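Given next are the chains, with one letter for each unit.
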Amino acid sequence: MRRDWCVLAGIVLSFGLGTAAAQQPTVPAGQQPPQQQQRTRPPAEASAQGEGAQGKQAQRPAVPEEKSSVTHHSARIGGQVINYTATAATYNIKADDGTVKATMFYVAYVKDGVADPAKRPVSFVYNGGPGSASLFTHMGMGPKRVVLTPDGHGMPAPYSVVDNEDSFLDATDLVFIDAISTGFSRPAPGEATAQFHGIIEDANWFADFIYQYITRTERWASPKFLIGESYGTTRSAELAGVIQERHQIYLNGIALLSSVAFSNWGADNRTIFFLPTYVTTAWYHHLLPPDLQNLTIDQVAQKAREFAHGEYAQALEKGDQLSAAEHQKVVEDLAHYTGLSTKFIEQANLRVSPFRWFKELERDKRLTIGRLDSRFTGMEVDAAGERVEYDPSEASYEGAFVATFHDYVRRELKWDSDAYYTVSANVRPWDQTGNTEVAEVLRAAMTQQTYLKVLVLCGYYDVATPFNGIENTFAHMNLEPPVRKNVSFAYYEGGHMMYIDEIQHHKLHKDIDDFINAGYPH
């Protein structure tokens, strides 16, 4: 399952040290200790010192040979038939001394017949987790998509794929990448996994992959974009700084799809940021009083923001100093906005955790609420329980996504491999070093790469990465006005994967295409 366990703020975890030596990672200035905040030494220099100190490397296990399958296709996208070449392949990613450290799997879709490929945008796309393979973005944004119901529910087998009329291939070439340990990507034999599993480490390997891809395919002059989902947004923010510092690669744009909030806040902050999503979800399920239920989704979301950061935040800030009258008023108002009972809110001390909320919102109907998409409901054996057994949204469509990808990558892309495709990898412990500075890394990259634009894509029914968290992050990044104008937001009546919904994937297509087309001169 897609266990996006790094949700709103991330969980601080210990870093497991491996036995094999890792290459020197590039650490953006904002994540270095103050006494070390200077330009990172070039990789070649670090490697030379390592060779001098350690001498000849010991014999290492054999590594897999790189593989590639090239096929040719056409699809109707954006009202036109597009001919394209698909390359399913692996790259061996090496340390500075030439040692193969990992094999990364990718699928690239390149439009045929382009007069000057150097002027054609290329976008690098990936999922999150951390630990999630990229098959979900692949089968949602690539030139073929899995067939679901119009509102995104999965259907029983036989599964099928169709041309994805809303793929971004009409505006940009697409490269879908599996992070190391996920999908078909693997550490090289004998390599310790700790060197790949962390915020800074992960971004360094992706930077090296992108460097290798644009070098091999002669795309250095192309406009370059990142499209990441969930933890993939944290990766993109970190990667913006790492790839600039490590390889001097400047980006044209970053699309943050269902974004993590890039920061560690206290419990009360988290409660505040989840609240607007509780309200929009109650609106969707028709649980609100008429004064709120009769509003549009955009209007009710704005009312929820104002309440969350106004009366509600002030009440939490007062703590035990809140008077009895103030306490009673906020209880009643919170019930008014959320559809929850005043008794439950009282018992929860005004603080509603998402794990209880999934169970509580429609407990009287013996229904639970989806985490990735709160439009979905589920059923469980114990309606009186505190926590849900599963996420009904993920359970609905995951089987269809996984089955169609396995069939598609072998049948249509001709990828011949007995390797296991790891949909959700166990990448714990994930090194959280630098977690609270990821927003600063992005700010610095946007400030230095003055043309770098960011599009933030938010689902109103996404409880994994609530939209109000990333709104708050950008509101506190201290971006100067000329840089702040390069940030835009788009909102969807969908969840974490808004592209599963027929109407919303039309909107997503237009928003991404417009963003890419506006991100470079042509």
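Residues numbered from 1 in each chain as written. Predicted model: local features only at pLDDT ≥ 70, side-chain atom pairs only at ≥ 80, totals over all residues. Heavy atoms only, no water.

(A) Quick look at the overall build of the protein. Along the protein, the regular secondary structure elements total 15 helices and 14 strands. Computed over C-alpha atoms, the radius of gyration of the protein comes to 23 Å, within 12% of the 24 Å expected from 2.2 N^0.38 for 522 residues, which places it in the range of a compact globule. By its C-alpha atoms, the protein is 75 × 55 × 45 Å across when sized along the principal axes. Of the contacts made within the protein by residues no fewer than 6 positions apart, 73% connect residues no fewer than 24 positions apart. When the accessible surface of the protein is totalled, it reaches about 21300 Å², and 52% of it is carbon and sulfur. (Helix = DSSP H or I, 4+ residues; strand = E, 2+ residues; numbered from the N terminus. Rg over C-alpha atoms; globule rule 2.2 N^0.38 Å. Contact = heavy atoms within 4.5 Å. Areas by Shrake-Rupley, 256 points an atom, 1.4 Å probe, with all protein chains shown as cover.)

(B) Main features of the nonpolar core. Grouped together as the largest cluster of nonpolar side chains are 93 residues, with contacts concentrated most on Phe124, Phe209, Tyr213 and Phe474. A total of ten residues in this core trace back to one element, the largest contributor, which is helix H7 (residues 297–318). With residues up to four places along the chain from it excluded, the contact list for Phe474 reads Leu256, Leu442, Val454, Val456, Leu479, Arg484, Val487 and Phe489. Membership of the second largest hydrophobic core comes to 54 residues, among which are Val125, Met139, Met498 and Tyr499. (Core = buried A, V, L, I, M, F, W, Y, C linked by side-chain atoms within 4.5 Å. Buried < 20%, exposed > 50% of the residue type's maximum accessible area, 1.4 Å probe, protein only.)

(C) Spotlight on helix H15 (residues 502–517). Compared with the 22 Å implied by 1.5 Å per residue over 16 residues, the 23 Å span of H15 between its first and last C-alpha is a close match. Taken residue by residue, H15 has Gln504, His505, Leu508, His509, Asp511, Ile512, Asp513, Phe515 and Ile516 as its buried positions. Contacts from the buried residues of H15 go to strand S4 (122–126), strand S5 (144–146), strand S9 (224–230), strand S10 (253–259), strand S13 (453–459) and strand S14 (487–492). Two or three places before Ile503, at the opening of H15, Asp501 has a side-chain oxygen 3.0 Å from that residue's backbone nitrogen. (Expected span 1.5 Å × (residues − 1). Polar contact = N/O pair within 3.5 Å; in protein donor to acceptor, adjacent residues only side chain to side chain.)

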